[in-house]
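Architecture and fold: a report
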Amino acid sequence: MRKEFALAIIEAKKKHDNLVFVTGDLGYMALEQVMEVFGEEFINAGVAEQNMITVSAGLAHEGFIPFVYSIAPFVALRPYEQIRNDVCLHNLPVKLVGNGGGYGYGIMGATHHCLEDIGALRMLPNMKVIVPLTAEDVVQAISFMVKDSSPNYLRMNLAAKFDFEVAEFAAWRHLKKGEKATVIGTGPVLQNIVNAYAELDFWCLSVFPVIEIPDALIESIERTGKVIFIEEHLGEGGLRETLSFHLLGKLKKAVQVLSLSASGYPSGKYGNQQWHQEENSLAGESLKNRVGSFLS
Amino acid sequence: MLQKEKHNDLLQNALNIKKRFLQMYQAANAGHIGSSLSCAEILTFIRFGWMNETDEIILSKGHAAASLYSLLAEDGTLSQSDIETYYKNNTYLAAHPPAGKIKRIPFATGSLGHGLSIAAGLGLASKLKKNGKKVFCVCSDGELNEGSTWEAALFIVHQKLKNIVWFIDRNKLQGFGRTEDVMQMEPLADKLKAFGFEVLEADGHDFNSFEKVKDSFNEATKPIAVICNTIKGRSWKQFEDKLDSHYLPMKDNMFDSINAEIELHYQQTLIK
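Residues numbered from 1 in each chain as written. Chains lettered and ligands numbered in written order. Predicted model: local features only at pLDDT ≥ 70, side-chain atom pairs only at ≥ 80, totals over all residues. Heavy atoms only, no water.

As for unusual backbone geometry
Let me state the cut-off plainly: By definition, any uninterrupted DSSP run of H or I lasting at least four residues is a helix, any uninterrupted run of E lasting at least two residues is a strand, and each is numbered from the N terminus. Residue burial is assigned from relative accessible area. The probe radius is 1.4 Å, only protein chains are included, and a residue is buried under 20% of its type maximum, exposed over 50%, and partly exposed in between.
Between A:F208 and the following residue, A:P209, the backbone shows a cis peptide bond with an omega angle of 0 degrees. Here A:D25, not a glycine, exhibits a phi torsion of approximately 65 degrees, which is positive. Here B:N29, not a glycine, exhibits a phi torsion of approximately 50 degrees, which is positive. With respect to the secondary-structure elements, B:N29 resides in the loop between helix 1 (4–28) and helix 2 (33–50). Of the residues examined, B:N29 reaches a relative accessible area of 53% and is grouped as exposed.

Structure follows, in structure tokens:
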């Protein structure tokens, strides 16, 4: 999504002069064109993320809209108190952009992964966490973020591709009709289960915190009697936890639940993103097996 | 040197500000009195001796909020009835400055090590907008322990943010000990110089000393950092330069004796 992000932010800058771009020394072979277009309003704040966030809060206070870019854990977790106090408490339009949410940085290892960002940020006041699914989503997400006067966090990953048409970016989307089970997922990891079990009923959630649950989703769950949550994030604090709360108040009948989520590093070993997904039953045979036994 | 009249006006402002916050602390039976006595003249000079109406003050040492509130009552931003809500339930005037509710308090502070970065952000915005706004940031020396303060220092120098005036309230005491015992800061001036600041030293209770800083600021070629040598709990004779002045509320006749002391100091410093 990085390429789409760079192009979208350049387009947005042409329409909104008050955009500034702040990076935590990241962007080699990705943001050179952004740097050129933004000129003196492209700020490399160095490897100093706490200061980077608060500086951005100051810029936002004075009418700028800062897009603040780094690898996901370095923009979402390292400066957490700065996000809480200086950005969210004051409801300032600082736009955090984390590249490689989940296991996106693969073999780079655990320090570069981010399995807690959705949970950590969605509970901060005024913050909206945005998790795009496709490359097209990124463009629409940027447009949404520029218009929204509150803090946002954009969780980027490798874009998903589908062989069917996907509805336009929205908090909730019904991706594909199906039977047997209702699948609710966030982010590109959804495509792994779509590819393995095309006949299920697929829903995509792209904005946190969750404000409402579509009636049609409740109907789907009550019809199939089975829910599968899928997220490249810890289930605790993630999609599973927040939806469990919302569904508890809505569902009129008991349903079976399967949670597919990241559990960290069960073997203590590292690999590429696909490898980590497989180790956590988020891709490949392990996903097929868990979903298969749940459905049977 | 300040003109006699200006000097005496500042003294009067500082006296009013100190008397008001002592009354606030007394009514609230609250601590952090020493912290406010330490930076009262710094804040007074910024507001009444230096800043323009569009400039900003960031009190990074948010625990001295009472001195800031009292300053804002002195300039008419807060009313006496606002002041009387200090520390009570249902107030905006908490023990640390609030978020977004009070004019001239653009950011909530209190978690140490944020203020200089806030100043950096406001200063950068002013530089990009070329609007001539200055940002005055008052830090404690204890919060120089925070790594984020030094991130901000690097950033300010690198971005050449000469519109920021960084005051360090150097009272040499922090939360649980003397600064040099807890986390050695000296040689502080050398550290700041090495970071690229033009470093000035001031008597943090003397307006003429600040006036010199102001003159130097106008001629500075680099961002400035001002080490203000201060006395924590100044005028609180029992606890002057003592850690107790950070935490303890006043008791018995202390309120009267501090008031007498600051009044005496005012009379002695007044240029006749």
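Some words on the interface of chain A and chain B
We count it as follows: We call two residues in contact when some of their heavy atoms are within 4.5 Å. A quick way to say it: buried area is the sum, across both parts, of accessible area lost when two parts are put together, with a 1.4 Å probe. Within this document, salt bridges are pairs made up of a side-chain nitrogen of Lys or Arg and a carboxyl oxygen of Asp or Glu, the two lying within 4 Å of each other. What qualifies as a polar contact is a pair of N or O atoms within 3.5 Å, subject to a donor-acceptor requirement within protein and to the restriction that residues adjacent in sequence count only when both atoms come from side chains.
Counting residues at the interface gives 25 residues for chain A and 24 residues for chain B. If you sort the residues of chain A by the area they bury against chain B, A:N51, A:E62 and A:H90 come out on top, with a joint share of 28%. Summed over the shared surface of chain A and chain B, the number is two salt bridges. The partner of A:E40 in a salt bridge is B:K130, and the shortest N-O contact between them spans 3.7 Å. Our enumeration of links across chain A and chain B arrives at nine residue pairs in polar contact (both at pLDDT 80 or more). For the side of chain A that touches chain B, the secondary-structure elements that each account for two or more residues are strand 2 (42–44), helix 3 (49–61) and helix 5 (80–88) of chain A. Looking at the side of chain A that touches chain B element by element, the count peaks at nine residues for helix 3 of chain A.

As for the sheet that holds strand 11 (residues 226–234) of chain A
All names here are of chain A. Using the following cut-off: Following DSSP output, two strands are said to pair if at least two bridges run between them. Lines fitted to the C-alpha atoms define the axes, with helices restricted to the stretch that makes contact. Angles between their N-to-C directions range from 0 to 180 degrees.
The sheet built from five strands is open, its strands ordered 7-9-8-11-12 with mixed pairing. Edge strands, defined here as strands with exactly one partner in the open sheet, are strand 7 (172–176) and strand 12 (256–262). For this sheet the average axis-to-axis angle between neighbouring strands, irrespective of direction, equals 20 degrees. Where strand 8 (residues 182–186) lies against strand 11, five bridges are found, and the strand directions are parallel.

Digging into a nonpolar patch on the surface
Residues and elements named next belong to chain A. Counted only if it meets this: Here the term patch refers to residues with relative accessible area over 30% and no salt bridge, with like charges joined within 9 Å and nonpolar side chains (Val, Leu, Ile, Met, Phe, Trp, Tyr) within 5 Å. What sets the accessible areas is the Shrake-Rupley method with a 1.4 Å probe; for residues, cover comes only from the shown protein chains.
On the surface, I107, M108 and Y270 cluster together into a nonpolar patch covering about 340 Å² of accessible area. When you line up the elements, I107 lands in the loop between strand 4 (95–99) and helix 6 (117–122). Note on I107: relative accessible area 58%, which makes it exposed.

Overview of the nonpolar core
Inside soluble globular proteins, nonpolar side chains tend to come together where they are buried. We apply this condition: Among buried residues, the Ala, Val, Leu, Ile, Met, Phe, Trp, Tyr and Cys ones that are joined through side-chain atoms within 4.5 Å form a nonpolar core.
In this structure, A:I184, A:L243 and B:W166 are the most contacted members of the largest nonpolar core, which totals 76 residues. Examining the composition of this core, we find that eight residues originate from one element, helix 5 (residues 115–129) of chain B, more than from any other. Core analysis: the next-biggest nonpolar cluster, separate from the first, contains 62 residues, B:I46, B:L59, B:A202 and B:C228 among them.

Here's the deal with helix 12 (residues 284–295) of chain A
Residues and elements named next belong to chain A. Operational definition: One fewer than the residue count of a helix, multiplied by 1.5 Å, yields its expected span. Our arc is simply the arc of the directions from the helix axis toward the C-beta atoms.
With 12 residues, helix 12 should reach 16 Å at 1.5 Å per residue; the first-to-last C-alpha distance of 17 Å fits that figure. Among the residues of helix 12, those classed as buried are L287, V291, F294 and L295. Down the axis of helix 12, the smallest arc covering the buried residues is 95 degrees, so these residues share one side. Exposed and facing more than 90 degrees away from the buried side of helix 12 are E285, N289 and S293.

Describing the pairing of strand 6 (residues 198–203) of chain B
Side-chain positions along a regular strand alternate between the two faces of the sheet. Examined bridge by bridge, strand 6 of chain B and strand 7 (residues 224–229) of chain B share six bridges and lie parallel to one another. Considered in strand 7 of chain B, the bridge of B:A202 is made with B:C228.

Topic: the sheet that holds strand 4 of chain A
The pairing of strands in a sheet comes from backbone hydrogen bonds and takes either a parallel or an antiparallel form. With respect to topology, seven strands assemble into an open sheet ordered 2-1-3-4-6-5-10 (chain A), the strand pairing being mixed. Two strands in the sheet have a free side with no partner beyond their single neighbour: strand 2 and strand 10 (207–208) of chain A.

Focus on the domain arrangement of chain A
Residue and element names in this part refer to chain A. Convention followed: Residue ranges for the domains originate in an automatic or database domain assignment. By the convention adopted, Pro, Cys, Tyr, Trp, Phe, Met, Ile, Leu, Val and Ala count as nonpolar, Lys, Arg, Asp and Glu as charged, and the other residues, Gly among them, as polar.
Annotation of chain A at the domain level lists domain 1 (2–156) and domain 2 (172–295). Domain 1 puts 24 residues into the contact, and the matching count from domain 2 is 29 residues. Interface area for domain 1 against domain 2, summed over the two sides, is near 2,100 Å², with a carbon-plus-sulfur share of 60%. When residues of domain 1 are sorted by the area they lose upon contact with domain 2, Y103, R122 and L133 head the list and together hold 37% of the total. At the junction of domain 1 with domain 2, the criterion picks out one salt bridge. Counting every contact that joins domain 1 to domain 2 gives 15 residue pairs in polar contact (both at pLDDT 80 or more). Of all elements in the fold, only helix 6 and strand 5 (128–130) reach the threshold of two or more residues within the side of domain 1 that touches domain 2. When residues of the side of domain 1 that touches domain 2 are assigned to their parent elements, the largest contribution, four residues, is made by helix 6. Residues that form the side of domain 1 that touches domain 2 fall into these classes: 11 nonpolar, seven polar and six charged.

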